[in-house]
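# A structural walkthrough
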Amino acid sequence: SQQGEEDPQALSIQEGENATMNCSYKTSINNLQWYRQNSGRGLVHLILIRSNEREKHSGRLRVTLDTSKKSSSLLITASRAADTASYFCATAEGTDKLIFGTGTRLQVFP
Amino acid sequence: GAVVSQHPSWVICKSGTSVKIECRSLDFQATTMFWYRQFPKQSLMLMATSNEGSKATYEQGVEKDKFLINHASLTLSTLTVTSAHPEDSSFYICSARPGGYGYTFGSGTRLTVV
């Protein structure tokens, strides 16, 4: 099963620009997480935002959460070519099951 | 930090054969591990939750007789793709939750069935 949709599906930008990815989910959540995946590799946890939080920062990452709209956004500021990857939001169902969104493929051109 | 080791990284097998993928928690005990499948340019789809010492819980639509999961110890879960067919070719990833809110993922196994 999939929790929700992410948009855009693909995003191409130049280095230095900001990248914004959006995620919508369906069920009530305790927290929402963002992950990064380089092509053909495992996932790396980026940031977690709890349901009672509205915004969170980590380095060049900024995550927002709107539980009334069941949506979240991930902003990467001053992007670098090394940020090229796929980005997924994920929420936990039940006690432990992590369900992923459809993902955004980000391409940052030098 | 908590590490999950998955191997093999890639495997090519002939149709009709079985393939075993291992997922080990290296520095923590994992009573539960999760197995995902990912097709090219798609998201991760949860296949099953493996539980140490008991039967795995499979997601709807996943054939339990085809994807055998064994979680015999607190540090090892295995996924066996039985009688593999080309449509089983995919990227398989395991994960565990060492504690708190975080999840740790293996590096994935790319299975190609020819």
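Note: the structure precedes this text.
Below or above, wherever it landed, is the structure these notes cover. Just so you know, these numbers come straight off a predicted model, no measurement behind them. (Residues numbered from 1 in each chain as written. Chains lettered and ligands numbered in written order. Predicted model: local features only at pLDDT ≥ 70, side-chain atom pairs only at ≥ 80, totals over all residues. Heavy atoms only, no water.)

### Considerations on the overall build of chain A
Per the secondary structure count, chain A includes zero helices and 11 strands. Taken from the N to the C terminus, the helices and strands of chain A come in the order β-β-β-β-β-β-β-β-β-β-β. For a compact globule of 110 residues, the expected C-alpha radius of gyration is about 13 Å, and chain A comes in at 13 Å, within 12% of that figure. Considering only C-alpha atoms, chain A reaches an extent of 40 × 30 × 20 Å along its principal axes. Expressed as a percentage of the 110 residues in chain A, the buried residues total 45%. If you sum the accessible surface of chain A, you get close to 5200 Å²; carbon and sulfur atoms cover 45% of it. (Helix = DSSP H or I, 4+ residues; strand = E, 2+ residues; numbered from the N terminus. Rg over C-alpha atoms; globule rule 2.2 N^0.38 Å. Buried < 20%, exposed > 50% of the residue type's maximum accessible area, 1.4 Å probe, protein only. Areas by Shrake-Rupley, 256 points an atom, 1.4 Å probe, with all protein chains shown as cover.)

### Points about the state of the cysteines
Residue and element names in this part refer to chain A. Going through the model one piece at a time under the given rule, you end up with two disulfides over all chains. Cys23 shares a disulfide with Cys89; S-S distance 2.0 Å. Taking the sign of the torsion about the S-S bond as the criterion, the disulfide between Cys23 and Cys89, at about 70°, is right-handed. Of the two residues, Cys23 sits in strand 3 (residues 19-24) while Cys89 sits in strand 9 (residues 85-93), which places them 66 residues apart along the sequence. Relative accessible area serves as the criterion here: at 3%, Cys89 is assigned to the buried category. (Disulfide = S-S within 2.5 Å.)

### Quick look at the pattern of salt bridges
Counted according to the given criterion, the structure contains five salt bridges over all chains. The closest approach of N and O atoms between A:Glu55 and A:Arg62, which form a salt bridge, is 3.1 Å. In this structure A:Glu55 comes out as partly exposed when scored by relative accessible area, which is 39%. In this structure, B:Lys66 and B:Asp88 form a salt bridge, with 2.8 Å as the shortest nitrogen-oxygen distance. Pair noted here: B:Lys66 is in the loop between strand 6 (57-58) and strand 7 (67-73) and B:Asp88 is in the loop between strand 8 (76-81) and strand 9 (90-99), with a separation of 22 residues, a long-range link. The burial state of B:Lys66 is the same as that of B:Asp88; both residues are buried. (Salt bridge = Lys/Arg side-chain N within 4 Å of Asp/Glu carboxyl O.)

### Here we look at the interface of chain B and chain A
Listed as interface residues are 20 residues of chain B and, on the opposing side, 23 residues of chain A. Summed over both partners, the interface of chain B with chain A buries about 1800 Å², with 54% contributed by carbon and sulfur atoms. Scanning the region where chain B abuts chain A turns up one salt bridge. The residue A:Lys97 makes a salt bridge to B:Glu59 at a minimum N-O spacing of 3.1 Å. Linking chain B with chain A are five residue pairs in polar contact (both at pLDDT 80 or more), by the criterion used here. The set of elements that each furnish at least two residues to the side of chain B that touches chain A consists of strand 4 (32-38), strand 5 (44-51), strand 9 and strand 10 (102-105) of chain B. When residues of the side of chain B that touches chain A are assigned to their parent elements, the largest contribution, four residues, is made by strand 5 of chain B. Partitioning the side of chain B that touches chain A into residue classes produces 10 nonpolar, six polar and four charged. (Contact = heavy atoms within 4.5 Å. Buried area = accessible area lost by both parts, 1.4 Å probe. Polar contact = N/O pair within 3.5 Å; in protein donor to acceptor, adjacent residues only side chain to side chain. Nonpolar A, V, L, I, M, F, W, Y, C, P; charged D, E, K, R; others polar.)

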